[in-house]
Amino acid sequence: MTSSPLRFQTGGHINRDKPIEFEFNGKIYTGFDGDTLASALLANGIFLTARSFKYHRPRGVMGAGVEEPSCLVELLGVHAAGNHAATKVELRTGLRAKSVNCWPSPNFDLLSINQFFSRLLPAGFYYKTFMWPNWHLFETSIRRAAGLAAAPDERIPDHRYETRWWYGDVIVVGAGPCGLLAAMMASRSGARVMIVDDHREAGGHLRASRMIINGNPALDWVAAIVEELDANPEVTRLQDAIAWGYRESNQLMITERNPLEDHVFQRGWKARANRVILATGAIERNLIFANNDRPGVMLASAVQRYANEYAVMPGRRAVIFTNNSSAYELAHDLRSLGIDVAGIVDSRPSSAIGVEQQGLDMPLFAEHQVMTAHGGKKVQAVTIRDKNGVTTRLNCDLLALSGGWNPAVHLFSQSRGTLAYDADLASFVPDKPSQQVICVGAAAGQMNLAFAIVETAALTSSCLQNQGFTVAAVATPELSTITDYNIHPLWKVDGLRPGDKAFIDIQNDVTLDDIGLAMREGFDTVEHVKRYTTAGMGIDQGKIGNVNVIGNMAEASNKTPGEIGTTTFRSPFTPVDFGSIAGQRSGEVVLPFRHTPITKWNKAQGAVMYEAGARWQRPGYFPVAGETMQNAINREAEAVRYGVGVYDGSPLGKFDISGRDAAAFIDLLYTNDFSDLEIGMGRYGIMLSEDGMILDDGVTFKLAENHYFMSTSTGYADLVFRHMEYILQVERPSWQVWITPITSQWCNATICGPKARDVLVALGTSVDISAEAFPFMALREGIVADMPARICRVSFTGEVSFEINVWPRHAEAMWHRIMEAGAPLGILPIGSETSHVLRVEKGFLSLGHEVDGTVDPFDLGMGWIMSRTKMHAIGRRSVDIRRESGKPRRELIGLLPDSNGELIPEGAPITPNGDRVASEGFVSACVWSVVKQRVIALGLLLNGRARIGQTVFIRDREKTIKAIVTKPCFHDPQGHRLRG
Amino acid sequence: MGKFSAFTLAWNALSHHQNWPRYWQNVPLAKKYDVIIIGAGGHGLATAHYLAKNHDITNVAVLEKGWLGGGNIARNTVTIRSNYLRDESLPFFVKSVSLFEGLAKDLNFNLMYSKRSMIDVIQTYPKMREIRRRMMNGYLHGSSYNPINVAELRRRVPALTGGGPKSRLPIIGAMVHKEAAVCRHDGVAWGYARSASRRGAEIHQHTEVKSLLRAADGTIKGVETNRGTVLADKVAVVVSGHTTTITETAGLRLPVKSFNLAAFVSEPVKPLVDVIVNCPDLGVYLNQSDKGELVIGGAPDPGQSFRRDMKQTVFEDAVVTMLELFPAFRRLKLLRQWGGVLDIAHDATPIISQTDIPRLFVSCGWWGGFKAVPAGGYTLAHLIATGQPHEVATPFTLDRFRHLDFVVESGTTTAR
Amino acid sequence: MGYQISTERQALQATFDIKGVKAAVARKLSPLGLALPSDRNTTSRSNDITLCWIGKSHWLLVAPAEMETQLKASLVPDDTTHDCRVVLVSDVFTFFSITGPQANDIMAIASPLDTRPKKFPENGSTFSELFGIRGLILRQPNGFTIAIEQSYADMVAAYFRKI
Amino acid sequence: MLTLPCPFCGERDETEFVNGGPTKPPRPDITVTNSEWIDWLTVPINPIGYVEEKWWHAKGCGAWFTIKRHTVTHDIAKLDG
Ligand SMILES: Cc1cc2nc3c(=O)[nH]c(=O)nc-3n(C[C@H](O)[C@H](O)[C@H](O)COP(=O)(O)OP(=O)(O)OC[C@H]3O[C@@H](n4cnc5c(N)ncnc54)[C@H](O)[C@@H]3O)c2cc1C
Ligand SMILES: NC(=O)c1ccc[n+]([C@@H]2O[C@H](COP(=O)([O-])OP(=O)(O)OC[C@H]3O[C@@H](n4cnc5c(N)ncnc54)[C@H](O)[C@@H]3O)[C@@H](O)[C@H]2O)c1
Ligand SMILES: Cc1cc2nc3c(=O)[nH]c(=O)nc-3n(C[C@H](O)[C@H](O)[C@H](O)COP(=O)(O)O)c2cc1C
Ligand SMILES: [Zn+2]
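Residues numbered from 1 in each chain as written. Chains lettered and ligands numbered in written order. Predicted model: local features only at pLDDT ≥ 70, side-chain atom pairs only at ≥ 80, totals over all residues. Heavy atoms only, no water.

Visitor: Explain empty space enclosed by the protein here, please?
Guide: To find leftover empty space, a probe the size of one water molecule is rolled over the atoms. Per the stated rule, a full pass over the model turns up ten cavities of 30 Å³ or more. The calculated volume of the largest cavity comes to roughly 380 Å³. Elements with a contribution of two residues or more to the lining of the largest cavity: β25 (405-407), β27 (427-430), α11 (526-533) and α12 (546-557) of chain A together with β14 (333-345) of chain B. In terms of residue count, the dominant contributor to the lining of the largest cavity is α12 of chain A (four residues). (1 Å grid on protein atoms, 1.4 Å probe; cavity = no way out; pocket = protein on both sides within 12 Å on 5 of 7 lines; lining within 4 Å. Points joined across faces, edges and corners; volume = space filled by probe spheres on them. Helix = DSSP H or I, 4+ residues; strand = E, 2+ residues; numbered from the N terminus.)

Structure follows, in structure tokens:
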């Protein structure tokens, strides 16, 4: 399979020394390095490459770049992925691909039967039927028929995608003649420059042309600029990279497809520059006539690119159909390549056709239009028609179309620049910018390269000067002759009949009839037409078709295309891998996690680890071999109640707060008074949000006058920090208070249980730890186990507790010493599940359980914490307003469920009489109590405090469980034990 | 010959579909109506339909500044569900879901309503607890929500290959909400518009309300538009993100802020996921449309916004979190992204209410309000017609702010 | 591992968080021979001590661990009687060095900080985002030194092994 | 992605910041009426145009600062005074 029937022996920019074998639809073919899949297929004479979306009509390659509407392939093997335009798939060793959306093959596709029902399938037909008995019945088969390629199912390792930030002075998008010139000027001026281009090599449309610049092939001129750019370390040149998004603050999102480093598969760039120069060129559009989708019907610019860049001739006898002069360049090229041209069909009046035809000895059909293309799986002939309706048939196997050029305004429009309709160009062009961006070349609507270059030089120069760069004049290159563009828009050919398959959106199988139907049914704005017909919603986003939709709507409604307007240009400019957006962000880079110095030890003990909020992971419980979770929890809880346990409390949020106004600040934050707190003592406090809901709780110690040590719950530490800084910097800027987060400066091992003090004695400490000298809620600094420590007597378990805070550098040693000292006393490490049991027995509240964003301290029976003298405390006013309404509230209560020892799911509603009606409360926590030897629960219940002693009904779906309402404390209500 | 059926479709095929009537009529704008509805989005159009159908009120004009159905109804991720948390919200959303089920027949319009279930993927215990609470509370109100194990989850969503035991956040369980559905969003707007128009309501596109007009006694009198003054006995503001822009012209300030919420679609691929997958711990959700593209949503932008755009930071977070659970999607391609302007009330709960200005009504705060379109229209029509809030909508009146008595139905589930 | 860099987790450094009124801070530090950095987000150095100006009234002093006791004695943390105060935070941070010809590439991947010399000079030091979390970035001759909260250190170390 | 002007650090990428919502009038003291308090608490400014709002340089220097940002263009304007 070495002979490629349609490849020229010479010419093109492919590397003939490097043949590449590839597979398409199960067969092996050969192409060359430098080919795209599309050019290689054409070279091998493969025209029928796809089936259309809805009608399953035979389709082939139409374009040569991102505009390709029709030849979509699915890649197989290592790089498996669906829906790639074959025109953007580079030929690489091992490439395997197949057509999408046809079965078993494009040649024999079973669903092609849809073509015969096409009359029943106009735009929006599905809204009118499939209603009986219901849509879901039809959905499965319809979904299977839709969807194009299969989804990728193989994984690319995470690290193969990467994203990075880039900052510079200028970003140029497009490395065609205008982009290169702009980049060269910027580079010479000393700016830091990035130039991004979507093709494998620079040159833009010059690569597809036979243009002569300064007497040499245009690519020599390109090569010289590229060399100069590459020599400047301040220039980053990205090829095979698509700038797909234009964001705020002049930032471009770019996906580089094959970076040079082989450890990176794709790289996303988030590049930001003071100025962006868009030199994105223009995209050719097609023409609307019957069967304009047959394989062998192609854009003129694509034919030119295949011929000149890839040395492939996609036909032996061509017809060119155009409404402007640009396609004559193709005619000249075909002439010099010796290709037979059956005729140029030019819809413009003869008088409008000028010098472009000189030197072409081929039939010119001025003021003619192509009516229809003939042939099934390949075009065989066209019928053309003059203005009087006289028709002629021209045999051909290639039909090259130029319906005019649309400046590639996508990025400009994404940057929120406005567009204007230019009647001379019959297209939309950039109008007013809204960011620091300029457009040059064809992207700016300048279709004459000689002018474009001069303009680009001038615009670039002033753009650079505005930023303070000095710009040297550049020599304007001398170009071989160029003709004027001179378009006469032709939105559709004359004489089309209803039912003709004249496609306006090739990819989504939208015909001109569909547009007409939509408008007749009242969908008369372009946005409605788009959504009703799906025109422009395919993978190509209507790059060649959208302006034709607008033109036809304008014609049908006697408006100008400018009055119809465009749909919104959205990112991405062309589809990009999600992988290139996420880059290396996966696993811990998405969800970072935090370790305490004890984490390793905990894991080694077999702890079951839980996410504990704020990215910490904490042990839930420590099962020993063969033990159930409940047994482990019971064992740990009993250790605390009757012996001693220890837990790693390091993740608790901790803040050092000091300064002249620190006391006033603490008073503003908490609802209760702190002003009478003695040095060395702490107090439990509740912080409210300004809405009057509980934000956080914790203990704050007074270390010295205006110096506090505050602890917060683990999960809310960041939020509390933000809240405090906000109050200080925004509400009280004149106050002098300094806050330093010191969560990670202190690790804490909390020793708790009746034997806690014995452990401390065994450890050895410089602090007098007797209950008299070191009362509950006090803080002492001293030496413990030969290490400096800060000991706090707080208790979240209801037992005597010593929180031993040490610096992390000592934490592991301290932990081991504690375990050693505690061993004779039976000390056990305990997890968060056990702490939960212990706090429920005591009725201590937990954020996320009892506190669900709707409760205030009164609801929790903590009215005592709402100081009467501090009405200005944050959240206080809102609580009072809410309570003034007198609406009954849900109040914290205890529950003794009649559940035969089974735990009740937390969150279970309590309903009146256990009926299946709206709830009157819920179970916030439910545990097996080791002190009560039964199931106990906490809950919030409407008017709960008044209902103590009554029976209520918990409803877990079908099941109803009776429970007796109690006070929300099941153990040592007087708190003797924790003070002991 | 306006009725839609397989038969009329075939009949019209004979004439190459040249004879279908308009979906909605173009009529001149009158000077006065009984009711003006500002905003031809889902809620506005549904209100017009139910005013006519349930209350025989047809002298109604729906005024739309752009093209009908071009607001958020054109932009949402089409999740319909009722698995809310609070007793206040559940009856409303259960009602809405049940109206959706019969809607295609009610409107004689195929909305491609597909009751395909939603599966919530749970990765942390606090979320598990919250989600179980939803399960048990939902049961009381007839909204089903049932646990499945991880193996069953993977069987039902084979594409979900991430979240394994060794991953950063292993999946610990999942919940199925059977009533959840998706449906063709534009179809809902067009179906309601067609039905309202056939029942006599007028829809005026490209008619922007510039300000509200009040009579000397302070009551509402009509509106000023770019096409002149239009009077009405009653006016309802149903304009999602632009609510405050309009109400402030009458000096009425509301506890809502406007945000941009964005969504994006992948390239279309063959059937891959046939349920709605919601990942509340990671903050991303997705479903696959009938055309094959994955429709994916994440969080709203930080900060107020009247853009309809995509903020890169928020978008990236949605992508990376999606890839945590669906790592194979790295090679799937992004096709298009867009946004919409939503308003979120201070307590994150919707507002359907009479206002301080007599006979001026608002329906706003719908940041997950596609699912609510039928019940929102139904209950707003009830309120306009009877002056009383409908029983399932009583928690949603502005009265709750007088006592800061919030409902707090926050987006504890990511899916809108 | 495709990039030419080497990363190293460093031993504990004596670190002090300093907040307060500028003049008071200057007075407090002058016995150490340290002048306040003149530009925001830059450092000043004296002997082995580096002082980073990282916020409006906020500095971070970093020195070798051996100096901790001596520095504690002269800086008197917890003394709040003046218009500034010092908190010992040595254990809060873990430092890493990233050096080698491609250190810039790693920073471009890890952080949105614009590290062009005109934006982030030789003596630059600032807090920014690093691998999604908050971190301090300092330039050093052959690359960068970064500091992140100690509890994230294992995660960052593991991450470095991956790239 | 935006860049935001931190008064201390200068222009930084938005990922370093946390949004703190629109600026409210100063926190009223306890003498205001309930309805004044409720308005202050729940009714924000919500303009199409420039909104004055708070941002926190959470991953940077920790400053809370105020900017005027356009809610459509995201342009940032100089604060008056
Ligand atoms: C990205 C995204 C995803 C979402 N996902 C979901 C989801 O999965 N599930 C869900 O339930 N909800 C979802 N929502 C929310 C849902 O789309 C909205 O809550 C709902 O559509 C809002 O109601 P609406 O349809 O009436 O609003 P809109 O469609 O926005 O209607 C308001 C109309 O008012 C018009 N208008 C505005 N100002 C004026 C004026 N001055 N004069 C005249 N007309 C005016 C607008 O042009 C618009 O047409 C999502 C929203 C977004 C943006
Ligand atoms: N055949 C024609 O008539 C024709 C067609 C196009 C241009 N031109 C001439 O070329 C002159 C200008 O050339 P030019 O330099 O403006 O355009 P160009 O088409 O030569 O180059 C544009 C380059 O930008 C690339 N590009 C576009 N969007 C991109 C994106 N988002 N990301 C990355 N790369 C992207 C394209 O792939 C192309 O390589 C015009 O004045 C016109 O005379 C002529
Ligand atoms: C559920 C849903 C599915 C969509 N699918 C597609 C699609 O397949 N192709 C496409 O181009 N756009 C798709 N869109 C996006 C629309 O093209 C459009 O972006 C969106 O309605 C917002 O409008 P705007 O971009 O004109 O502002 C979809 C939108 C929604 C809400
Ligand atoms: Zn800053």
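Visitor: Can you walk me through the coordination of the zinc ion (ligand 4) in this structure?
Guide: The textbook angles at a metal center are 109.5 degrees for a tetrahedron of four donors and 90 or 180 degrees for an octahedron of six. Cys6 of chain D (SG), Cys9 of chain D (SG), His57 of chain D (ND1) and Cys61 of chain D (SG) make up the full set of protein donors to the zinc ion (ligand 4), lying at 2.0 to 2.4 Å. Relative to the metal, the four donor atoms surrounding the zinc ion (ligand 4) lie at angles of 100 to 119 degrees, and the coordination shape comes out tetrahedral. (Donors = N, O, S within 2.8 Å, 3.2 Å for Na, K, Ca; no water. Tetrahedral: all angles 85-135°; square planar, octahedral: opposite > 155°, others 65-115°.)

Visitor: Explanation requested: the packing of helix α10 (residues 512-520) of chain A against α12 of chain A in the structure shown.
Guide: Helix-helix packing: each pair is described by the crossing angle between the helix axes and the interaxial distance. Residues and elements named next belong to chain A. Two numbers describe how α10 lies on α12: the axes approach to 11 Å, and their chain directions differ by 50 degrees. If you check the angle between α10 and α12, you find them oblique. α12 is crossed by α10, and the crossing has right-handed handedness. Of the residues in α12, those touching α10 at Leu512, Ile515 and Met519 are Val549, Asn552, Met553, Ala556 and Ser557. Considered class by class, the residues forming the contact of α10 with α12 number six nonpolar, two polar and no charged. (Axes fitted to C-alpha atoms, helices over the stretch in contact; angles between N-to-C directions. Parallel < 35°, antiparallel > 145°, perpendicular 65-115°, else oblique. Left-handed = near helix turned anticlockwise from the far one by under 90°. Contact = heavy atoms within 4.5 Å. Nonpolar A, V, L, I, M, F, W, Y, C, P; charged D, E, K, R; others polar.)

Visitor: Sorry if this is basic, but what is going on with the interface of chain A and chain D here?
Guide: How big an interface is tends to be expressed through the accessible area that disappears when the partners come together. Each side of the interface is counted separately: chain A has 29 residues, and chain D has 25 residues. Contact between chain A and chain D buries roughly 2,300 Å² in total, counting both sides, with carbon and sulfur atoms accounting for 52%. Summed over the shared surface of chain A and chain D, the number is two salt bridges. Where Arg27 of chain D meets Glu690 of chain A, a salt bridge forms, and the shortest distance between an N and an O atom there is 2.6 Å. The tally of links between chain A and chain D comes to 14 residue pairs in polar contact (both at pLDDT 80 or more). The leading source of residues in the side of chain A that touches chain D is helix α18 (residues 717-731) of chain A, at seven residues. Tallied by class, the residues present in the side of chain A that touches chain D amount to ten nonpolar, six polar and 13 charged. (Buried area = accessible area lost by both parts, 1.4 Å probe. Salt bridge = Lys/Arg side-chain N within 4 Å of Asp/Glu carboxyl O. Polar contact = N/O pair within 3.5 Å; in protein donor to acceptor, adjacent residues only side chain to side chain.)

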